[in-house]
Amino acid sequence: MACTYFSLTYSDNCYDEGLNYEGHDLSQTQASNGKECQRSCQNVVACKFWTFLKSTKQCFIKWKQNEASEYKNPEDIVTGPKFCQGIFKLKVCIRRKQV
């Protein structure tokens, strides 16, 4: 039996531009953009939120959401939850019939 996983997305409009959720960092990594930072968060069991700095490509993995504050350079920051509504993984398995 061969199985594969698919990620299905209804909407990716759950990011907050210009807001910073300070503190509660689990780890920090590099990412190309907000979506990649969100995927990094999805790979960490304890991650609930993430923050991405565009200028430095830093991705902060967070275990809790703190109060939001406007970032000093609002166009440089994006943050969001581990999963947007409507994102889920689907496992599809195909059993091959012996001929």
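Each value, and the rule that gives it
Every chain's residues receive numbers from 1 upward, in the order its sequence appears when written. Only residues with pLDDT of at least 70 get local features here, since the model is predicted, and only at 80 or more are side-chain atom pairs given and counted; chain-wide, interface and lining totals rely on the full set of residues. For the side-chain quantities, the full set of heavy atoms in the structure was used; hydrogens and water were omitted. Only DSSP runs of H or I covering at least 4 residues are called helices, and only runs of E covering at least 2 are called strands; the numbering of each starts at the N terminus. Pairs of N or O atoms are called polar contacts if they sit within 3.5 Å, as long as, within protein, a hydrogen donor faces a hydrogen acceptor (for residues adjacent in sequence, only side-chain-to-side-chain pairs). In the sections that follow, a salt bridge refers to a side-chain nitrogen of Lys or Arg positioned within 4 Å of a carboxyl oxygen of Asp or Glu. Think of it in three bands: with a 1.4 Å probe and only protein chains considered, a residue is buried below 20% of the maximum accessible area for its type, exposed above 50%, and partly exposed in between. Regarding the arc, it is the one traced by the directions from the helix axis to the C-beta atoms. Residues are treated as being in contact if the distance between any of their heavy atoms lies within 4.5 Å. Here, strands pair whenever DSSP counts at least two bridges between them.

**Details of the side chain of Q38**
Mapped onto the fold, Q38 is located in helix α1 (residues 34-42). Within the structure, Q38 has its side chain in polar contact with the backbone oxygen of P81 (distance 3.1 Å).

**Considerations on the pattern of salt bridges**
Within this structure, the stated rule accounts for two salt bridges. Between K54 and E17 there is a salt bridge; the shortest N-O distance is 3.2 Å. Linking K54 in the loop between β5 (49-53) and β6 (58-62) with E17 in strand β2 (residues 16-17), this pair joins segments that are 37 residues apart in sequence. Among the ionic pairs, K62 bridges to D25, the shortest N-O distance being 2.5 Å. Of this pair, K62 sits in strand β6 while D25 sits in strand β4 (residues 25-30), and the two are 37 residues apart along the sequence. The class of D25 is partly exposed, set by a relative accessible area of 40%.

**Details of α1**
Within α1, the full set of buried residues consists of G34, C37, Q38, S40 and C41. Down the axis of α1, the smallest arc covering the buried residues is 155 degrees, so these residues share one side. Structurally, α1 contributes buried residues whose contacts are with β4, β5, β6 and β8 (77-81). Taking the backbone nitrogen of K35 as reference, a side-chain oxygen 3.1 Å away marks N33 as the first, capping residue of α1.

**A look at the side chain of T51**
Relative to the assigned elements, T51 resides in strand β5. Within the local environment of T51, its side chain forms a polar contact with the side chain of T79, the two groups lying 3.0 Å apart. Those residues within four positions of T51 in sequence are excluded, and the remaining contacts are N20, Y21, C37, Q58, C59, F60, K62, I77, V78 and T79.

**Overview of unusual backbone geometry**
Backbone geometry places H24, a non-glycine residue, at a positive phi of 60 degrees. Tracing the backbone through its elements, the reader meets H24 in the loop between β3 (19-21) and β4. The backbone of K57 sits at a positive phi, close to 65 degrees, despite the residue not being glycine. Within the secondary structure, K57 sits in the loop between β5 and β6. Note on K57: relative accessible area 37%, which makes it partly exposed.

**So, the pairing of β5**
Buried residues dominate β5, accounting for five of its five residues. Side chains F49, T51 and L53 project from β5 onto one buried face, and the interleaved W50 and F52 project onto a second face that is buried too. By the bridge criterion, five bridges tie β5 to β6 in an arrangement that is antiparallel. Of the residues in β6, the one forming a bridge with W50 is I61. In this antiparallel pair of consecutive strands, β5 and β6, the connection spans four residues, and K57 shows a positive phi of 65 degrees. Here β5 runs beside β8; their pairing, made up of five bridges, is antiparallel. Note that in β8 the partner of W50 across the bridge is G80.

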